[in-house]
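Below, each chain spelled out in residue letters.
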Amino acid sequence: MLADFSKRFLCMSSGAMYSAHFGLKQRPFTLLPDPEFLFWSSGHRRAYSVLEIGLLSKAPITLVTGEIGSGKTTLLRQLLNRLEEDLTVGLISSASGGRGDLIRWIMNAFDLQIPEGNPEYVELYQQFVDFLVGEYAHGRRVILIIDEAQNLSGDALEELRMLTNVNSNKDEVFQLVLVGQPELHDQILRPELRQLAQRVAASFHLGEMDRVAVHEYMRHRLQVAGGTGREFAPEAVDVIYQNTGGIPRMINQLCDLSMMYAWTDDEDVVSVETVGAVLEDGVFFGAQLLGGAQKEQQA
């Protein structure tokens, strides 16, 4: 199977791949976060509602967690596309380090110039506070969104809490949106970060999709890509659900590979046998990751 696939793949551009074979205008299962393909499962609707409520209610800190590949970043992109004009937004896609490092990440997120040389933390902190006060004077709230926030150290999380102290008793000048993997929730609940936890006004955990949602998710993405939504046999969809745990990124990986396999075999509909061939060949690495996670949970 792999040999036949390799020969045919070399004859096609990477952009075309299997799309033309299935009558699609684009690949439906890429791994890039794309709001155009956003599927509103019940969990995604609730997670997005929490993000919106957090901003509208001027919550000091809004927290959304979810498994790797559950769609958190796609929701953030959707949120960024719909924010009001009276907001100044900075986005940190992934930050690491402790006290002193984070303030530089934050200033870069808002395009604030860092003084030359090696400025002290106090100087950078005051510069950022002056920026917040200036935005507030012009009727603008400042929102800092940190994706993959589970990478922040305890000191960095405490530093974020200190930054929220700039908020007055009457108005929220500075709001935080923290998005990350499940361990972020546990980090914030540590005793030494209880003051930070007390400022989390809205929180939601985005879980895996169930079997029905996976069927709807795949149909949605196929239709957005120009298909009928029936390019997979129902039995094949069940196997995909069983081997991905309902995690969107893993679903995309397995579906993408299965459609390429079906293309090499001139299948009009991806069969359960084709999905099985992908799994047997070991090209779907996500199955090994999922299996390892399940073993850890059982242990």
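Residues numbered from 1 in each chain as written. Predicted model: local features only at pLDDT ≥ 70, side-chain atom pairs only at ≥ 80, totals over all residues. Heavy atoms only, no water.

## Let's talk about the packing of helix H11 (residues 248–264) against helix H12 (residues 272–281)
Then, number 1: H12 packs onto H11 with a crossing angle of 110 degrees between their chain directions and a minimal axis gap of 9 Å. The angle between the axes of H11 and H12 places the two elements in the roughly perpendicular class. Read as a crossing pair, H11 and H12 show a hand that is right-handed. Taken together, the residues of H12 that come into contact with H11 (itself represented by Leu 254, Leu 257, Ser 258, Tyr 261 and Ala 262) are Thr 274, Val 275, Ala 277, Val 278, Leu 279 and Asp 281.
Then, number 2: Looking at the contact of H11 with H12 residue by residue, the class counts come to 8 nonpolar, 2 polar and 1 charged. (Axes fitted to C-alpha atoms, helices over the stretch in contact; angles between N-to-C directions. Helix = DSSP H or I, 4+ residues; strand = E, 2+ residues; numbered from the N terminus. Parallel < 35°, antiparallel > 145°, perpendicular 65-115°, else oblique. Left-handed = near helix turned anticlockwise from the far one by under 90°. Contact = heavy atoms within 4.5 Å. Nonpolar A, V, L, I, M, F, W, Y, C, P; charged D, E, K, R; others polar.)

## A closer look at the sheet that holds strand E5 (residues 200–206)
Then, number 1: Read across the sheet, 5 strands follow the order E2-E3-E4-E1-E5 without closing on themselves; strand pairing throughout is parallel. Both edges of this open sheet fall to strand E2 (87–92) and E5, since each of them pairs with a single strand only. Neighbour-to-neighbour, the strand axes of this sheet turn through a mean angle of 15 degrees, independent of strand direction.
Then, number 2: Where E2 meets strand E3 (residues 141–146), 6 bridges bridge the pair, whose relative direction is parallel. Paired with Leu 91 across the strands is Ile 145, a residue of E3. (Pairing = 2+ DSSP bridges.)

## Details of the layout of surface pockets
The gaps of empty space that remain are located by a probe, the size of a water molecule, rolled over the atoms.
Then, number 1: Estimates place the volume of the second largest pocket at around 350 Å³.
Then, number 2: Contributing to the lining of the second largest pocket are 24 residues, with Gly 69, Ser 70, Gly 71, Thr 74 and Pro 248 lying nearest its centre.
Then, number 3: Of all the secondary-structure elements, those providing two or more residues to the lining of the second largest pocket are helix H3 (72–81), helix H9 (211–224) and H11.
Then, number 4: Of the residues belonging to the lining of the second largest pocket, the class tally is 9 nonpolar, 9 polar and 6 charged. (1 Å grid on protein atoms, 1.4 Å probe; cavity = no way out; pocket = protein on both sides within 12 Å on 5 of 7 lines; lining within 4 Å. Points joined across faces, edges and corners; volume = space filled by probe spheres on them.)

## Regarding the nonpolar core
Then, number 1: Of all hydrophobic cores here, the largest spans 34 residues; its most connected members are Tyr 18, Met 218, Phe 232, Ile 240, Ile 251 and Met 259.
Then, number 2: Ranked by residues supplied to this core, first place goes to H11 with 10 residues.
Then, number 3: Residue contacts for Met 218: discarding those within four places in its chain leaves Phe 29, Phe 232, Val 237, Ile 240, Ile 251 and Cys 255.
Then, number 4: Listed in part, the 33 residues of the second largest apolar core include Phe 110, Val 142, Ile 146 and Leu 184. (Core = buried A, V, L, I, M, F, W, Y, C linked by side-chain atoms within 4.5 Å. Buried < 20%, exposed > 50% of the residue type's maximum accessible area, 1.4 Å probe, protein only.)

## Some thoughts on H9
Then, number 1: If you check H9, its first and last C-alpha atoms are 20 Å apart, about what 14 residues at 1.5 Å a residue would give, namely 20 Å.
Then, number 2: Summarising the contacts, the buried residues of H9 are in contact with helix H10 (234–242) and H11.
Then, number 3: Gly 226 sits one or two residues past H9 and shows a positive phi near 105 degrees. (Expected span 1.5 Å × (residues − 1).)

## Brief notes about the confidence of the model for the protein chain
Then, number 1: The share of residues in the protein chain with pLDDT of 70 or more is 88%, and the mean pLDDT across the chain is 86.
Then, number 2: Contacts from residues 9–15, a stretch scored under 50 in pLDDT, to residues over four places away or in other chains number 5 contacts.
Then, number 3: Every residue in residues 291–299 scores below 50 in pLDDT, and together they form 0 contacts with partners more than four places removed in sequence or on other chains. (pLDDT = per-residue confidence, 0-100.)

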